[in-house]
Each structure stands twice: as structure tokens, then as C-alpha cells.
Amino acid sequence: MTQPYMDWDAAYRQDTPPPWSIGEPQPELARLIEQGKVHGEVLDSGCGHAALSLALAAKGYHVVGLDASATAVAAAAATAAEQGLTTVTFAQADMTDFGGYDGRFDTVLDSGLLHALPIEGRQSYIRAIHRASAPGAVLFILAFATRPFGGTTPGPTGFTADELRDTVATCWTVDEVRPAKLYGNDTPAAGGPASLPGVERDGAGHITMPGFLLSAHKDG
């Protein structure tokens, strides 16, 4: 969950985790797992430090985590090895144009990647994950609403519900777009979202920001 054109490796080389790396799956996606909506082989798209991939592997799912950052991928693989998780693998990839997985995944989870991509790369990304999915696969995208940090704070532009639906519907059959919350680490920095007045907090070290959860499927 961050702004376009940033140095992803630099973000993951910091002494403290980046704001979007909260050490656990985003609550909206954790609920999907609990509800049994994740099935088959899973793509964690833009996995980062891969808390989502690791949680799924711990439950026995077969997971592939892909991310543009080699630093994040190496850290995720090391954590999986430390935890003895053998059903998850990680690889660096250009998420707007990756191959080698055609027709493979039954579930695709996007925990804040789409809104961080340059606008001109979003359709290439939607096509890439569609190509990597099996017929009948399901897709869940958690994305920021429009300007979640306000009009002057740096960050992704986000989407309206209709913009998110239209972006994904070029390849996928969209089933639902509903309001959702995204969580970030409560680490105030000058000009950052956590320093803004009125930011909501959950009392557990996180700020919360408005967004949407989109669910879709690939026609079989």
C-alpha cells in the first residue's frame, strides 16, 4: 500500500517495516479465509513481507507470493523457512507483465497492490493475473478509496467504487464492490498519513483508512 513510482526495495530495507507491512493479513482478507472463500492454489499478488502468504501456508494452502521487490521476496522466503512452511514459494516479478503461471491459480488475493501501480500499468496487471488464473478462479482486491490521505498528503489516488469495478471488469466478472478498511502501522512521520488530524486508530497500533473490497471471478 503505497504510492506509484517509489523505490520498493528501499522501502523494505528500512529499519522499521513500511506502513503497509503490519505483520498479519489485512483483517478484510483474514475474514475471507475464515469464511472459506479462499480455495485451491493461491496467488498472493504483491506479497511484500508476505504475512498473508505465510498465514495461508500455515493453514495448509499452496501459495505463490510474487512481488517487485527482491528484498521483500528474500525476507518472506527466509521467514517461511524459519517457520518450516513448505507449501509456499516466492519470486520477484514485474506484476504488470509476468509469465510462467498460465491458468494455474484458483484464488488471487491483492492486498493493496492495484492502487499502488501507475495508472498506465493497471490494465496490464489485470490481464496478467487473469492469464495466471484457472477457469472459475476467484479474485479479491483490497484497494484504497479516492484520496484516502487527503488532497495534499502523498499517496495513491485510490478509486471510487465504480472506478474500481470498471478497472477490473475489462477481464473479470465482478461480483461485488463493498466498503472496507485498510490497516497501516501507526508510525507518525512528518507529512505522513498517521500524522494527520482525525486519522482513525484501532487501539492496537494501527491506523485505518477507507477503501473497497472487490470480489470477482474468471468465467469458466
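To start, this report covers the structure provided alongside it. These numbers come from a predicted model, not from an experiment.

**Some remarks on the nonpolar core**
Move 1: Counting residues in each nonpolar core, the largest one holds 30 residues, and the members touching the most others are F98, L114, I129, L164 and V168.
Move 2: Mapped by element, the contributors of at least two residues to this core are β2 (63-67), β4 (105-111), α5 (122-131), β5 (133-144), α6 (161-168), β6 (173-185) and β8 (206-217).
Move 3: Residue contributions to this core peak at 4 residues, all from α5.
Move 4: Setting aside anything within four residues of it in sequence, one finds F98 in contact with L43, L66, A93, A128, I129, R131 and A132.

**Examining the packing of aromatic side chains**
Move 1: This structure, assessed with the given rule, holds 3 aromatic pairs.
Move 2: Consider the rings of F98 and Y101, whose centres lie 6.2 Å apart with planes at 65°: the pair is edge-to-face.
Move 3: By relative accessible area, F98 is classed as buried at 6%.
Move 4: In this structure an aromatic cluster arises from ring pairing among F98, Y101 and F105.

**A look at helix α3 (residues 51-58)**
Each α-helix winds once per 3.6 residues, and so residues spaced three or four apart point in a common direction.
Move 1: Looking at α3, one finds that the buried residues are L52, S53, L54, L56 and A57.
Move 2: Of the surrounding secondary structure, the elements contacted by the buried residues of α3 are α2 (27-34), β1 (42-45), β2, α4 (70-82), β3 (88-92) and β4.

**Details of the pattern of salt bridges**
Move 1: With the rule as written, the count across this model stands at 6 salt bridges.
Move 2: Taking the shortest distance from any N to any O, the salt bridge between R178 and E28 comes out at 3.1 Å. Placement of the pair is R178 in strand β6 and E28 in helix α2, with a sequence separation of 150 residues.
Move 3: The shortest N-O distance in the salt bridge between E200 and K181 comes to 3.3 Å.

**Let's talk about α5**
Move 1: For α5, every residue scored as buried is listed here: R122, Y125, I126, A128, I129 and H130.
Move 2: Here the buried face of α5 lies against β1, β4, β5 and α6.

So, how was this worked out
- Residues numbered from 1 in each chain as written.
- Predicted model: local features only at pLDDT ≥ 70, side-chain atom pairs only at ≥ 80, totals over all residues.
- Heavy atoms only, no water.
- Core = buried A, V, L, I, M, F, W, Y, C linked by side-chain atoms within 4.5 Å.
- Buried < 20%, exposed > 50% of the residue type's maximum accessible area, 1.4 Å probe, protein only.
- Helix = DSSP H or I, 4+ residues; strand = E, 2+ residues; numbered from the N terminus.
- Contact = heavy atoms within 4.5 Å.
- Phe/Tyr/Trp six-rings, centres within 6.5 Å; stacked < 30°, edge-to-face > 60°.
- Salt bridge = Lys/Arg side-chain N within 4 Å of Asp/Glu carboxyl O.

These results come straight from atomic positions and should not be treated as a statement about function.
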